[in-house]
Amino acid sequence: MAAKFVIPKSLSILGKNIPVKRGNLKDAHGQFDRTDFEITLDTKCPAHLIEETLMHEAMHAVLWISGVSQLLREDLEEAICFATEGLTNSFKVRK
Ligand SMILES: [Zn+2]
């Protein structure tokens, strides 16, 4: 049985501490706030999508903090973040 995923309280991304919070979002499972530098995961996000959503929002944070966001059209950034969700299971240790 897979270990239960524990949502980290924060992520360290490119030297910045990014708090990870739960909150009520209207149209998304997650959000990276570019002003407050924090990630919010929707309280209604299904449990099986939490890790992928966090990976997606973490990539938005990477792209923003690194400055790459400013070089991308919004749809391209979204595509990169969706593609990054594919890495979600790649870092898990298999026993
Ligand atoms: Zn996105």
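Look up a bit, the structure's there.
This one's a predicted model, so the numbers in the text were calculated from it and none came from an experiment.

## Re the sheet that holds strand β4 (residues 38-42)
- If you trace the 4 strands from one edge of the open sheet to the other, you get β1-β2-β4-β3, paired in mixed fashion. Edge positions in the sheet fall to β1 (10-13) and β3 (30-33), since each of these pairs with one other strand and no more. Neighbour-to-neighbour, the strand axes of the sheet open up by a mean angle of 25°, direction not taken into account.
- Where β3 and β4 come together, 4 bridges link them in antiparallel fashion. Paired with F32 across the two strands is I39, which belongs to β4.
- The sheet contacts of helix α1 (residues 50-66) involve β1, β2 (16-23), β3 and β4, and relative to β3 the element is tilted by about 20°.

## Here we look at the nonpolar core
- Among the nonpolar cores identified, the biggest contains 10 residues, and these are I18, F32, I39, L41, L54, A58, M59, A61, L63 and C81.
- Where this core is concerned, the elements lending two or more residues are β4 and α1.
- Considering each element in turn, this core owes the most residues, 5 residues, to α1.
- Dropping the residues within four chain positions of it, A61 is found in contact with I13, I18, F32 and I39.

## Topic: the pairing of β2
- Direction of pairing for β1 relative to β2: antiparallel, over a ladder of 4 bridges. Within the sheet, the bridge partner assigned to S12 lies in β2 and is N17.
- From the end of β1 to the start of β2, which pair antiparallel, there are 2 residues, and L14 there has a positive phi angle of about 50°.
- By the bridge criterion, 4 bridges tie β2 to β4 in an arrangement that is parallel. Bridge assignment links K21 to a residue of β4, and that residue is T40.

## Quick look at the environment of S10
- Along the chain, S10 turns up in strand β1.
- On a C-alpha basis, the gap between S10 and E51 in space is 14 Å, while along the polypeptide they are 41 residues apart.
- Beyond its immediate stretch of four places on either side in the chain, S10 contacts N17, I18, P19 and V20.

Reading the values: the criteria
Residues numbered from 1 in each chain as written. Predicted model: local features only at pLDDT ≥ 70, side-chain atom pairs only at ≥ 80, totals over all residues. Pairing = 2+ DSSP bridges. Helix = DSSP H or I, 4+ residues; strand = E, 2+ residues; numbered from the N terminus. Axes fitted to C-alpha atoms, helices over the stretch in contact; angles between N-to-C directions. Contact = placed C-beta atoms within 7 Å. Core = buried A, V, L, I, M, F, W, Y, C linked by C-beta atoms within 7 Å. Buried ≥ 20, exposed ≤ 12 C-beta atoms within 10 Å, placed from the backbone.

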